[in-house]
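Observations on the three-dimensional arrangement
Listed here are the chains, written in short residue letters.
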Amino acid sequence: MIPGMGAVATTFIAGVEAVRCGISKPIGSLTQMGTIRLGKRTEGRSPRIQDFVPLADLNDLVFTGWDIFEDDAYTAAVKAGVLEKELLDQVKPFLQSIKPLPAVFDKDYVKKLDGPNVKKGKNKADLAEQVREDIRNFKKANGLERVIMIWCGSTETYIQPGPAHASIEAFEKALVANDAAIAPSMIYAYAALKEGVPYINGAPNLTTDVPALLDLSRKNNAPIAGKDYKTGQTMMKTVLAPGFKARMLGLSGWFSTNILGNRDGEVLDDPGSFKTKEESKLSVLEHILQPELYPELYGKICHKVRINYYPPRGDNKEGWDNIDIFGWLGYPMQIKVDFLCRDSILAAPIVLDVVLFMDLAQRTPELRGLGIQEWLSFYFKSPMTVPGLYPEHDLFIQLMKMKNTLRHIMGEELITHLGLEYYD
């Protein structure tokens, strides 16, 4: 169940159907194409991840979602302009069958958008109950055992935690009082968690990372994960920055700018929504490079991030980075990166993987009871952690954590790469 049936959601849904029909391959999906080494290197055991852990089969997935626009998934995908119409036409009947439910929406939180397909209610508690009913109806109509909710909607305006978020009781009172601190994404998350449905936050919104919803997640054994899909420019930062740190190369400045013309770019043209995204993107370098430990190398970084709405580019985002590094004896060097990427193409396999992994977590008591699924940090710009614990942003450490978690729950030996036993 997907709040936000735009470019990312329709690219994901159309892609899954194309894979199921044998039209395309699930490129970029670890759950479908990745392998996992088991045991010693000498054993040669590296099965596909989907053959190692009991993931749901693609053929068992059914889809619905909410959106402020009434377009079915086919029409929305054509308008998004990510996938070629020739491919979309091959799965057209399936996509046309997916029509969005009326959305929980408030223009105060996403100022650049407006649409007609919106729920009405006497207060936010009423809206949450309507979403809960949507979940129950969808489950019953399709004969489903399990449901996952994943946010693919727009970035909401910047919100800080406050008294309304301090406890479940305070949150529920705030819902009744129509408190401005309760954003639409929080209403979806609350409804999901009350129904025992795992919730994945695909945007940098302040949603489940507040005490009330953290407590509700654990109370109802509904895992949560997020936030903000790690797609273009930030993915490159989590690849390059660990390399600089590994080689003890200094960094004096990193300037990042983006141009994109999709709905996401339009939303981020609003300063409030951009502030939410900026906080997500800026935190990566600080946590990877740890300037408090390496002040000579990373203590004076000038880190700038810009996002520019440029309609002609559509979903074809360009992320440009100027990186000023320094090496031996402080001598300066530069790296330029020009990443001509497709945000929704990078995001779609992330959505598939985290949906399947969250469903696995829901069926694994050891993971379900954790609440926050930090082992899925690999997929997010601002990984959720328990309060007070800094997130791990290094892509390669994240991958090791994720694979070791899978090994652990399946009773396999963890891989440390020490390897001394090979030289006895």
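Above: the structure in question.
Residues numbered from 1 in each chain as written. Predicted model: local features only at pLDDT ≥ 70, side-chain atom pairs only at ≥ 80, totals over all residues. Heavy atoms only, no water.

Topic: the state of the cysteines
Per the counting criterion, the structure on display carries 0 disulfides. Sulfur of Cys-152: no disulfide; nearest cysteine sulfur belongs to Cys-341 and is 17 Å away. Note on Cys-152: relative accessible area 12%, which makes it buried. (Disulfide = S-S within 2.5 Å. Buried < 20%, exposed > 50% of the residue type's maximum accessible area, 1.4 Å probe, protein only.)

As for the sheet that holds strand S4 (residues 149-150)
Here we have 3 strands laid out as an open sheet, ordered S4-S5-S6, and parallel in their pairing. Bordering the open sheet on either side are S4 and strand S6 (224-226), each of which pairs with just one other strand. Where S4 meets strand S5 (residues 199-201), 2 bridges bridge the pair, whose relative direction is parallel. Looking across to S5, one finds that Met-149 is bridged to Tyr-199. Where helix H9 (residues 184-194) meets the sheet, it contacts S4, S5 and S6, and its direction lies at approximately 155° from that of S5. (Pairing = 2+ DSSP bridges. Helix = DSSP H or I, 4+ residues; strand = E, 2+ residues; numbered from the N terminus. Contact = heavy atoms within 4.5 Å. Axes fitted to C-alpha atoms, helices over the stretch in contact; angles between N-to-C directions.)

A look at the packing of aromatic side chains
Overall, the coordinates contain 12 aromatic pairs when judged by the stated rule. Here the aromatic rings of Phe-244 and Trp-254 are separated by 6.0 Å at their centres, their planes lie at 55°, and the arrangement is tilted. Placement of Phe-244 in helix H11 (residues 233-246) and of Trp-254 in strand S7 (residues 250-260) is noted, with a sequence separation of 10 residues between them. When sorted by exposure, Phe-244 lands in the same class as Trp-254, which is buried. With centroids separated by 6.2 Å and ring planes inclined at 80°, the aromatic side chains of Tyr-294 and Tyr-298 adopt a geometry described as edge-to-face. With relative accessibility at 25%, the residue Tyr-294 sits in the partly exposed group. (Phe/Tyr/Trp six-rings, centres within 6.5 Å; stacked < 30°, edge-to-face > 60°.)

Brief notes about the side chain of Asp-321
Structurally, Asp-321 is set in strand S9 (residues 316-326). Notably, Asp-321 is buried but unbridged: the nearest opposite-charge side chain belongs to Lys-237, and the N-O separation is 4.6 Å. One polar contact links Asp-321 to Ser-256, side chain to side chain, over a distance of 2.6 Å. Excluding residues that lie within four positions of it along the chain, Asp-321 makes contacts with Gln-233, Lys-237, Trp-254, Phe-255, Ser-256, Ile-335, Lys-336 and Val-337. (Lys, Arg positive; Asp, Glu negative; His and termini not counted. Salt bridge = Lys/Arg side-chain N within 4 Å of Asp/Glu carboxyl O. Polar contact = N/O pair within 3.5 Å; in protein donor to acceptor, adjacent residues only side chain to side chain.)

Focus on empty space enclosed by the protein
By the definition in use, this model includes 1 cavity of 30 Å³ or more. Lining the largest cavity are Met-5, Asp-67, Phe-69, Glu-70, Asp-71, Ala-76 and Arg-263. Tallied by class, residues from the lining of the largest cavity come to 3 nonpolar, no polar and 4 charged. (1 Å grid on protein atoms, 1.4 Å probe; cavity = no way out; pocket = protein on both sides within 12 Å on 5 of 7 lines; lining within 4 Å. Points joined across faces, edges and corners; volume = space filled by probe spheres on them. Nonpolar A, V, L, I, M, F, W, Y, C, P; charged D, E, K, R; others polar.)

Some remarks on the nonpolar core
With 57 residues, the main nonpolar core has Phe-12, Tyr-229, Phe-357, Leu-376, Tyr-379 and Leu-406 as its most contacted residues. Within the residue set of this core, elements represented by two or more residues are helix H1 (7-20), helix H3 (49-52), helix H4 (73-80), helix H15 (343-362) and helix H17 (395-409). For this core, the leading source of residues is H15, giving 12 residues. The residues touching Leu-376, leaving out its near neighbours within four places in the chain, are Ala-225, Phe-357, Met-358 and Met-402. Membership of the second largest hydrophobic core comes to 50 residues, among which are Ala-174, Ala-183, Met-186 and Ala-203. (Core = buried A, V, L, I, M, F, W, Y, C linked by side-chain atoms within 4.5 Å.)

A look at the sheet that holds strand S2 (residues 65-67)
Overall, parallel pairing links the 3 strands, which are arranged S1-S2-S3 in an open sheet. Of all strands in the sheet, those bounded by a partner on one side alone are strand S1 (2-3) and strand S3 (101-102). With 2 bridges joining them, S1 and S2 adopt parallel strand pairing. Bridged to Pro-3 within S2 is Trp-66.

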